[in-house]
Amino acid sequence: MDEHSKRIWHGALLLTIAMFIVKILSVVYRIPYQNITGDTGFYVFQQVYPFYGIASTFALAGFPVALSRVLSERSDNLGDTERGTIIQSGFTAFFAAGLLLFLVLFLGSAKIAFWMGDPGLQVPIQATSFIYLTVPIVAVFRGIFQGCEQMKQTAVSQVTEQSVRVACIIGFSYYFISHGYNVYMAGAGASIGSVAGSLAGLLVLAIYFYRSENRKKGWTIGLKPSIQTGFQLLSAGILLSISSMILLLFQLADAFTFVNLLRQNGMDPAEARSLKGIFDRAQPLLQLGTVIATSVSLAAVPAVAAAKMHMDYGRIQKTCGISIKAVFIIGLAAAAGLAVIIEPVNRMLFESTEGSLEIAVLGISILTVSLFLVSTGLLQGLGCSTVPVMSVSASFIAKITGNFVLMPLWGSLGASFATVLASVAAAAINLVILERKTAFAAAGKFHGIRIGGAAAVMSLAAWLIKSGLDQVLAESRISDAVISIAASAGGGIALLAALTTAKVIEAEELVSILRLQKLQHVLKRWTERRS
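All values reported here derive from a predicted model rather than from experimental measurement. (Residues numbered from 1 in each chain as written. Predicted model: local features only at pLDDT ≥ 70, side-chain atom pairs only at ≥ 80, totals over all residues. Heavy atoms only, no water.)

### Details of unusual backbone geometry
Next up, step 1: Residues other than glycine seldom take positive phi values, yet E351 does so here, at roughly 75°.
Next up, step 2: Within the secondary structure, E351 sits in the loop between α14 (313-350) and α15 (356-381). (Helix = DSSP H or I, 4+ residues; strand = E, 2+ residues; numbered from the N terminus.)

Next up, the structure:
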């Protein structure tokens, strides 16, 4: 592997680690927040969270990637002036979009809150809107560094931003609730905490930029931006962002329909809001369940892109086949395992078992969303970036339609089924098109029956452990933690044993696909010693 390839893989590894830390922090803070503010407080937070999530996606997965691609693709032919013009064009377009979204949210907050069925959400929406003023600058800094294949700056800024954000959210929410303020003020405080985190990430990037060589040649002030270049960068950034927004868009659909549909069916507004907060307990669990799929998709993009550049279609087919199979196994295990231990997990994290059935059904989407995410990465590596956008758009429409059809019949459980069906649609579209382009299904036997059997063994082992401990432990959150951890560990061991026994996937295949050469060497020596 040459130095350029090593640098790309090292950068991808850094971003994967940073993303994993950010995801874990994103899951962890919601639990104390719900414990501090209650189900209605969590409802307030989740109603405005999609607006923050969309801004965060623009600042990380959309605009910087679009800018960095243009800078890296043209790096050999770019002078300082041309480079500065591209950056200035990107910043102008990004800032215009960010300013527009800020004004829409801030000035239209009362109308948006009314559409959500809760006028009290106006202040939290206004507080969230300010993050769109930081997005353009953060995106340009990250784009400049990533265009030079320098990923450390983006990784450090991500972790800093999320760490400050989490600390501020928990701190502000505790302060407001302990001083007698209502949950809407706590929600506004949480939104301000998100803005503070973004500013912290921006400060890190600014310091890195000031100390780097990019300061001399990266962002020339006074150059006239190109409208055409700016529009192209903005369009590409939006398309890239949409591919990463599937769970956010599902949450956005629920934010505008969930409470309104329950109220239309005669439910008291306060009860509907509390029920939405209970329903939203699933979100951190879904995010945690899809972390590995996101990591695999990040690794798959450069692997498939490199294979495509060398026209190694066998490698493309094998990479796609192994990636899909691995994520299917992990996603199925996570969905099945969550269903088995949902009650102790729910009590452990959120103090009650309310909404366990809805969360268990939503857990099915861990599998389908994971398949969507990894297939999105593979398609992007092949240069088919518009396919995931089409899939997400179709699934968003399916989610809204599903809510309107199923919620009048089954209430919040209908919203769970609507999410699952919408995610099935997104994954199916991606996988059908990926199969047509790569024929990945022919790369090797999928062993679907064996995988299903291994998942059943895992579920049975987890259920036996849970049932046994239920009989001997007194009811408490500590006991629920012990049950959840023990059942998860026991189920995981049973799954690995079943998969190994059934010879579902070879370790050498995964190692070679991920190109972990040192691990491959160790594995080879270990195999030689065994033989």
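There is more to say after this.
### Notes on the packing of aromatic side chains
Next up, step 1: What the rule picks out here adds up to 16 aromatic pairs.
Next up, step 2: Taking 5.9 Å as the distance between ring centres and 50° as the angle between the ring planes, the aromatic pair formed by Y49 and Y52 counts as tilted. You can see Y49 and its partner Y52 sitting in helix α1 (residues 3-73), 3 residues apart, about one turn around the helix.
Next up, step 3: The class of Y49 is buried, set by a relative accessible area of 8%.
Next up, step 4: An aromatic cluster is present here, built from Y29, Y33, F45, Y49 and Y52 joined pairwise through their rings.
Next up, step 5: When the ring centre of Y49 is taken as origin, the NZ or CZ atom of R30, which lies over that ring, is 4.3 Å away. (Phe/Tyr/Trp six-rings, centres within 6.5 Å; stacked < 30°, edge-to-face > 60°. Buried < 20%, exposed > 50% of the residue type's maximum accessible area, 1.4 Å probe, protein only. Lys NZ or Arg CZ within 6 Å of the ring centre and 35° of its normal.)

### Description of the nonpolar core
Next up, step 1: Core analysis: the biggest nonpolar cluster contains 122 residues, and F51, I125 and Y132 have the highest contact counts within it.
Next up, step 2: Residue contributions to this core peak at 19 residues, all from α1.
Next up, step 3: Filtering out sequence-adjacent residues up to four positions away, F51 remains in contact with L105, I112, M116, I125, T128, Y132, L252 and F256. (Core = buried A, V, L, I, M, F, W, Y, C linked by side-chain atoms within 4.5 Å. Contact = heavy atoms within 4.5 Å.)

### Looking at the packing of α15 against helix α16 (residues 386-410)
Next up, step 1: One can describe the packing of α15 onto α16 by two numbers: an axis separation of 8 Å at closest approach and a directional angle of 150°. When the axes of α15 and α16 are compared, the pair comes out roughly antiparallel. Each of F372, T376 and L379 in α15 lies in contact with α16, whose residues at this interface are V387, P388, S391 and V392.
Next up, step 2: Looking at the contact of α15 with α16 residue by residue, the class counts come to 5 nonpolar, 2 polar and no charged. (Axes fitted to C-alpha atoms, helices over the stretch in contact; angles between N-to-C directions. Parallel < 35°, antiparallel > 145°, perpendicular 65-115°, else oblique. Nonpolar A, V, L, I, M, F, W, Y, C, P; charged D, E, K, R; others polar.)

### What to know about the side chain of Q126
Next up, step 1: Checked against the element boundaries, Q126 lands in helix α4 (residues 122-129).
Next up, step 2: For Q126, the residues in contact, after removing those within four places along its chain, are F106 and S109.

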